[in-house]
Amino acid sequence: MLKYILKRIGYMLAVLLILSIIMFVIYNLVPSDRAYTDAKAEIIRYKNLPQEERDNKFEELYHEYQVLYGTDVDNKIVRYLRWVGLAPYSNGKLNGLLQGNFGYSYQYNKDVVDIIKDPMRNTMFINVFATLLALGITIPLGISCAVKRGKFGDKTMQVVTIIGYSLPTFLIAIVFIWFFCSLFKILPPSGMTTPGRPYADNYWRDLLDRMYYLILPLIVMTFCSLGGMTRYVRASMIEALSMDCIKTARAKGLREKVVVYSHAWRNALIPVVTLVVGWFLGIFSGSIVIEQMFAINGMGNLLYTSLRTQDYDVVMLMQMFYVLMSLLGNLIIDIIYGLVDPRVRVNK
Amino acid sequence: MSEKQNSRNKAGRKNIFVTMGGWIARIFMGASKSAVPNDRELTDEEIRRADVEEIVSPLRQIVRNFWERKYAVVALFLVFAMFLFVFIGPLFMPHYRDAYTEVLQKNIAPTFSMLSVPKELRDDVRSIDSFTSYSVGLSNAGKVYVWGSTKLGATGIDVADIPEEVQNANIKFAAAGADHIIAIGDDGKIYGWGAKNLGQYGRTDETRGFEAAILIPEDLLNNGVDVAHVKKLECGYQCTGILMDDGTLHLWGNLNACANMDRVITYAEAGAKFRDFTFTLNYIVTIREDGSDIYTGQRDLFNLVRSNVTGPAYKLKNYIGSRKIVSCVATSDNICYMLDDNSLCFSGDFAPYALVSVPGLASGEYFTSIRAGAHHYAGLTNQGHVYTWGDNQLGQCDAPKQSKMADAVNVYAGGFQTYAVNGENDITAKWGLRGYLFGTDNKGADIFQRIVNGGKMTMTVGAIAVIISTIIGIIVGCLSGYFGGKVDMVLMRITEIFAAIPFLPFAMILSAIMGRMPFSDNARIVIIMIILGVLSWTGLARLVRGQVLVARENEYVTAAKAMGVKESKIAFKHILPNVISVIIVTLTLDFAGCMLTESGLSYLGFGVPQPHPTWGNMLSGANNLTVMNNFWWQWVFTAIFLAITTICINIVGDALRDVMDPKSKIDR
């Protein structure tokens, strides 16, 4: 088992390495030169100098910034290694991702790491609720659909879920906003708290206020994930219910509840668990569309605004973060698969 | 004998309907079906027997199973209908342009009432005027009628709510602006309704400190005008002018909407007299009292004229020489001057799209009166013929046959409509824009046309992306599954890399970066197709690989190997057909997936760039309570189209999966 896990981790690191190279290449396709921009911004301070001196000063500043950002060499491989933190800058120091230098945001004038903290907290806050809610609804729903397969309720759910996963998120959000905010005017259409946070001094009142603003995004998120997950649970449950052991259990005269929840559900759990794990990792990444639509200051919205404002250092870190999350998800799924289903280990 | 019994009783005589019904059934069911009695009224027992008796090819079995799922058949039919709709629809829209905008047609609700002249007015027309989406008509009895799209955007004002005092008064003049109507009663009193907040009518309490408002002169508001001597009342975008017989000009309105109004007012206050005036969208143009020149207060504005809507332009002074300008009418951005030798000349810009020239007239025929709409002119000749020319984007110039209006003595044009009126004040013909099936968006473009063209774009992007992803997926899956070993290892690691890329963020980043590079819009659209395709093939590759792994253990593959068939040929010719069902199902579901992703990307602004429509970017303005509360048509229709299409494709894909999966038959 350990060997298997080590192997998976090895794969993951290799994939991460390749993806980071791809990311770096794409990032470098953007026609921008930070050192040049900064030097240009700084040279304004020297506008009293005569032209020639100013040009010299500019060259000097430009070079200084290039050294600072590690772009004073044209060799892209060296630049990549510097970015990762494996090759020293011209001043002999290592200052890359591995050393914790994640870049600098021009939009906020802060280190990227500081920017990500708040959105991360918000995203997690929302997604924990959304995930729990969605799982709490979809798993019982999927099971009951599978048990009552072919009945009216199941058929209705099939239609509802197919609608659920056929509609784009933003469309579902629009319809819900229209329903709750335009037609009935009972929920706020966007934002995270009442403007100005009037209850900031009262913790519980403030929390209540935040929850009030969260209701609609939560409903939308849950609804969006309903379709796919319910169908998935239903399918694996049907598979499990058609197993021989279920027939045996029924033949033994076990109660239907015991058959369904104890025997069948255990077997259906294997594929479901992997999906659930993937979901929990989604807690950190957030939904771009929903966060953007509801003006929630989360990870997805941060990526959106950074792309809009061309704040590429933030984008870059976000992207690496997303990749890492998805790789970790794969890794955990693989390991769990290996744990619950020994055939997988042997096969590899 | 009922038809049912008739068909059952095979030995008995068949009537013609049963025979033809059999033919139709054969089209779908195949000939082998005829071995079994007509399928409509079969009992379970007969079905079971038929299943045993007949041998059907797998494909036919699939088709038959699919046909049994009525909802899937309906969905398939809808998908096809949608396909035809978006790919054939654009052929019927010759004037459609992606970048079309029309400031006068913003946010119009679905309506076809723009030509619906009220019944009472139809045979008693005194005048009809229009500037945007509604028209105001005046009967000889002095009654005012308003029709068309009368609700003004999100303001909640409806210009069809004619004030009580106007309804009771005997109105002599009425004119419509972009959002206000001005009328003059027989006692000279000036009435105004509609929007008033930008100086269209009323005193400072209406404008609430809006600085660019030039208010209606207090004297006019209190004492009115001498109605017997009013020569012309005309409304511009948000401004109004009254010209008296003696050449005095009263002007008021929103200075931002009519940039040179203040200069004309100063000029008029200095004692200048005018022969005529007219409003374009942004300016006022006046003609000096002697008709020798125009006055706009701005140097060289509308000073170049041409004899037709195209052709060489000359300086106004040189062109008219000793002739005099009699009158002028203006559309949004060009002006038609009528000279005293009955010839016309034009100044200003003409959009090159759908432009119709001034018709050539027979000798001795000349225009006696010209009216202008928002982009077109209507001219009445001395022989009672009516012609329309100018911009034909919205069908303003599609006039009916001359014979229908041969006795026209008057023509009224405004906005996008033209009305021909005969000697008894009856409307004999009316043509132009009737309205919009799905309304217009916030740029004034027809939503129906954009839905059709946007659907074409959405489906094209989805289809090409899915083709790209399928090709990659099949190749990688086949190679990896068939060859196994190192090839499999390498290809699966590559698949893993691509699968690890988070889809939406990555597509957004790529699209944003492409946006900063000097690509044309079309190139960007192609790039988006490629991005979608290249990022979404991994699932299919894994599926195909799995299927191939199973298939390659089959005897016929061993046989092919033994016969010395080339390996690649075995992979693609002998094994691929066996996995085709998986591919078709994935293709269908991925198609819907790609459409969804494209819409999502375009919705966020990282997909197909505006003004090219797609169903995604058409919805991107909808997340807004103003739009939701006031302009429901701007998102409802697009949303319905998008939803129906993706839902139907998914239903079809789902049904296909059930039908093609041999296991599902056992469960059934």
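These numbers were taken from a predicted model, which means no experiment stands behind them.

The subject of this paragraph is the overall build of chain B. Tallying secondary structure elements over chain B gives 23 helices and 27 strands in all. Rg of the C-alpha trace for chain B: 34 Å, well past the compact-globule value of 26 Å for 668 residues, more than 25% over. Reported as C-alpha extents along the three principal axes, the dimensions of chain B are approximately 105 × 70 × 55 Å. Every one of the 668 residues in chain B was classed for burial, and the buried ones make up 53%. When the accessible surface of chain B is totalled, it reaches about 29,400 Å², and 56% of it is carbon and sulfur. For chain B, the distance from the average position of its 61 positive side-chain charges to the average position of its 63 negative side-chain charges is 11 Å.

Here we take up the nonpolar core. In terms of nonpolar packing, the biggest core is built from 128 residues, with Phe170(A), Met293(A), Phe294(A) and Trp615(B) touching the most fellow members. When residues no more than four places from it in sequence are discounted, the contact partners of Phe170(A) are Val289(A), Met293(A), Ser599(B), Gly600(B), Tyr603(B), Gly616(B), Leu619(B) and Leu642(B). One finds Met229(A), Val233(A), Leu241(A) and Val259(A) within the second-largest nonpolar core, a separate group that totals 19 residues.

Each regular strand shows side chains that alternate between the opposite faces of the sheet. Residues and elements named next belong to chain B. By the criterion of burial, strand S13 (residues 274-279) is predominantly enclosed, with 5 of the 6 residues buried. Pairing of S13 with strand S14 (residues 284-288) involves 5 bridges; the strand directions are antiparallel. The residue bridging Asp276 from the neighbouring strand is Ile287, located in S14. What sits between the antiparallel neighbours S13 and S14 is a turn of 4 residues.

Residue and element names in this part refer to chain B. On the surface, a cluster of negative charge is contributed by Asp226, Asp245, Asp246, Glu289 and Asp290. Inspection of the secondary structure assignment puts Asp226 in the loop between helix H9 (218-223) and strand S10 (230-235). Overall, the relative accessible area of 42% leaves Asp226 in the partly exposed class.

So, about the side chain of Thr470(B). Residue and element names in this part refer to chain B. Note that Thr470 resides in helix H12 (residues 447-483). What makes Thr470 buried here is its relative accessible area of 7%. Separated by 2.5 Å, the side chain of Thr470 and the backbone oxygen of Val466 make a polar contact. For Thr470, the contacting residues outside a window of four places in its chain are Leu540, Ile583 and Leu587.

Most peptide bonds take the trans configuration, and most residues that are not glycine carry a negative phi. Residue Gln610(B) is joined to Pro611(B) through a cis peptide bond whose omega torsion reads 5 degrees. By the secondary structure assignment, Pro611(B) is in the loop between helix H19 (580-604) and helix H20 (615-618). For Ala295(A), which is not a glycine, the phi torsion comes out positive at approximately 50 degrees. Using a relative accessible area of 39% as the deciding quantity, one classes Ala295(A) as partly exposed.

Another point: the domain arrangement of chain A. Residue and element names in this part refer to chain A. Along its sequence, chain A is carved into domain 1 (32-111) and domain 2 (112-340). Across the contact, 11 residues belong to domain 1 and 13 residues belong to domain 2. Here domain 1 meets domain 2 over a buried area of about 1,000 Å², counting both sides, of which 61% is carbon and sulfur. Across the domain 1-domain 2 interface, the total number found is 0 salt bridges.

Applying the stated criterion across every chain yields a total of 40 aromatic pairs over all chains. Ring geometry for Phe85(B) versus Phe641(B): centroids 5.5 Å apart, planes at 25 degrees, classification stacked. On the criterion of sequence distance, the pair formed by Phe85(B) in helix H5 (residues 70-88) and Phe641(B) in helix H22 (residues 633-660) is long-range, its members being 556 residues apart. Where Phe631(B) meets Trp633(B), the ring centres are 5.6 Å apart and the plane angle is 65 degrees; that geometry is what we call edge-to-face. Residue Phe631(B) is classed as buried on the basis of its relative accessible area, which comes to 7%. By relative accessible area, Trp633(B) is classed as buried at 4%. Looking at Arg210(A), its charged tip hangs above the ring of Phe125(A), at a distance of 4.6 Å from the centre. Over the aromatic face of Tyr319(B) sits the side chain of Arg323(B), whose NZ or CZ is 5.3 Å from the ring centroid.

Our focus in this paragraph is a positive patch on the surface. On the surface, Lys119(B), Arg122(B), Lys430(B) and Arg434(B) cluster together to form a positively charged patch. Relative to the elements of secondary structure, Arg434(B) occurs in the loop between strand S27 (427-432) and H12.

Let us look at the pattern of salt bridges. Tallied over the entire structure, the rule returns 17 salt bridges over all chains. As a salt-bridge pair, Lys232(B) and Asp276(B) come within 3.1 Å of each other at their nearest N and O atoms. Of the two residues, Lys232(B) sits in strand S10 while Asp276(B) sits in strand S13, which places them 44 residues apart along the sequence. Across this residue pair, the class does not change: Lys232(B) and Asp276(B) are buried. For Asp654(B), the salt bridge identified is with Arg657(B), shortest N-O distance 2.8 Å. Of this pair, Asp654(B) and Arg657(B) are both found in helix H22, 3 residues apart, which corresponds to roughly one turn of the helix. Residues joined in a network through salt bridges with shared partners are Arg8(A), Arg493(B) and Glu496(B).

What follows deals with the packing of helix H13 (residues 485-500) of chain B against helix H16 (residues 538-551) of chain B. A pair of packed helices can be characterised by two numbers: the angle between their axes and the separation between those axes. Residues and elements named next belong to chain B. Packing of H13 against H16 leaves a shortest axis separation of 9 Å and a crossing angle of 150 degrees. Judged on the interaxial angle alone, H16 and H13 are roughly antiparallel. Remark: the crossing between H13 and H16 carries left-handed chirality. Residues Asp488, Met492, Thr495, Glu496, Phe498 and Ala499 of H13 form the contact with H16, whose participating residues are Thr538, Arg542 and Arg545.

What follows concerns the sheet that holds strand S3 (residues 144-148) of chain B. All names here are of chain B. Pairing is antiparallel in the open sheet, where 3 strands are placed in the order S1-S2-S3. Each edge of the open sheet is held by one strand with a lone partner, namely strand S1 (125-130) and S3. Direction aside, neighbouring strands of the sheet carry axes that sit 20 degrees apart on average. With 5 bridges joining them, strand S2 (residues 134-139) and S3 adopt antiparallel strand pairing. Looking at S3, one finds that Val136 is bridged to Val146.

Scored by pLDDT, chain A comes out at a mean of 81, with 95% of its residues at no less than 70. Ranking the helices and strands of chain A by mean pLDDT puts helix H7 (residues 169-183) of chain A first, with 88, and helix H14 (residues 342-347) of chain A last, with 57.

Strand pairing in a sheet relies on backbone hydrogen bonds, with the paired strands running either antiparallel or parallel. Ordered by their spatial adjacency, 3 strands build an open sheet running S13-S14-S15 (chain B), and the pairing between neighbours is antiparallel. Since the sheet does not close on itself, it has two edges, and those belong to S13 and strand S15 (294-295) of chain B, each with one partner.

Glancing now at the interface of chain B and chain A. Listed per partner, the contact involves 42 residues of chain B and 46 residues of chain A. Together chain B and chain A conceal approximately 4,000 Å² of surface at their shared face, both sides included; 73% is due to carbon and sulfur atoms. Broken down residue by residue, the surface that chain B buries against chain A is led by Ile497(B), Ile509(B) and Arg516(B), which jointly contribute 15%. Inspection of the chain B/chain A interface yields 2 salt bridges. With its nearest N and O atoms 2.1 Å apart, the salt bridge here joins Asp654(B) to Arg231(A). The tally of links from chain B across to chain A stands at 9 residue pairs in polar contact (both at pLDDT 80 or more). Grouping the constituent residues of the side of chain B that touches chain A by class yields 28 nonpolar, 8 polar and 6 charged.

We now examine the state of the cysteines. Residues and elements named next belong to chain B. Going through the model one piece at a time under the given rule, you end up with 0 disulfides over all chains. Cys235 carries a free sulfur, and the closest cysteine sulfur to it, the one in Cys239, is 8.1 Å from it. The cysteine Cys397 is free of any disulfide, with Cys336 supplying the nearest cysteine sulfur at 13 Å.

Residues and elements named next belong to chain A. On the surface, Leu17, Ile18, Ile21, Val25 and Leu29 cluster together into a nonpolar patch covering about 410 Å² of accessible area. On the secondary structure map, Ile18 appears in helix H1 (residues 2-29). Owing to a relative accessible area of 37%, Ile18 belongs among the partly exposed residues under this scheme.

Rules of the game
Residues numbered from 1 in each chain as written. Chains lettered and ligands numbered in written order. Predicted model: local features only at pLDDT ≥ 70, side-chain atom pairs only at ≥ 80, totals over all residues. Heavy atoms only, no water. Helix = DSSP H or I, 4+ residues; strand = E, 2+ residues; numbered from the N terminus. Rg over C-alpha atoms; globule rule 2.2 N^0.38 Å. Buried < 20%, exposed > 50% of the residue type's maximum accessible area, 1.4 Å probe, protein only. Areas by Shrake-Rupley, 256 points an atom, 1.4 Å probe, with all protein chains shown as cover. Lys, Arg positive; Asp, Glu negative; His and termini not counted. Charge placed at Lys NZ, Arg CZ, Asp CG, Glu CD. Core = buried A, V, L, I, M, F, W, Y, C linked by side-chain atoms within 4.5 Å. Contact = heavy atoms within 4.5 Å. Pairing = 2+ DSSP bridges. Patch = residues over 30% accessible without salt bridge, like charges linked within 9 Å, V, L, I, M, F, W, Y side chains within 5 Å. Salt bridge = Lys/Arg side-chain N within 4 Å of Asp/Glu carboxyl O. Polar contact = N/O pair within 3.5 Å; in protein donor to acceptor, adjacent residues only side chain to side chain. Domains from an automatic or database assignment. Buried area = accessible area lost by both parts, 1.4 Å probe. Phe/Tyr/Trp six-rings, centres within 6.5 Å; stacked < 30°, edge-to-face > 60°. Lys NZ or Arg CZ within 6 Å of the ring centre and 35° of its normal. Axes fitted to C-alpha atoms, helices over the stretch in contact; angles between N-to-C directions. Parallel < 35°, antiparallel > 145°, perpendicular 65-115°, else oblique. Left-handed = near helix turned anticlockwise from the far one by under 90°. pLDDT = per-residue confidence, 0-100. Nonpolar A, V, L, I, M, F, W, Y, C, P; charged D, E, K, R; others polar. Disulfide = S-S within 2.5 Å.

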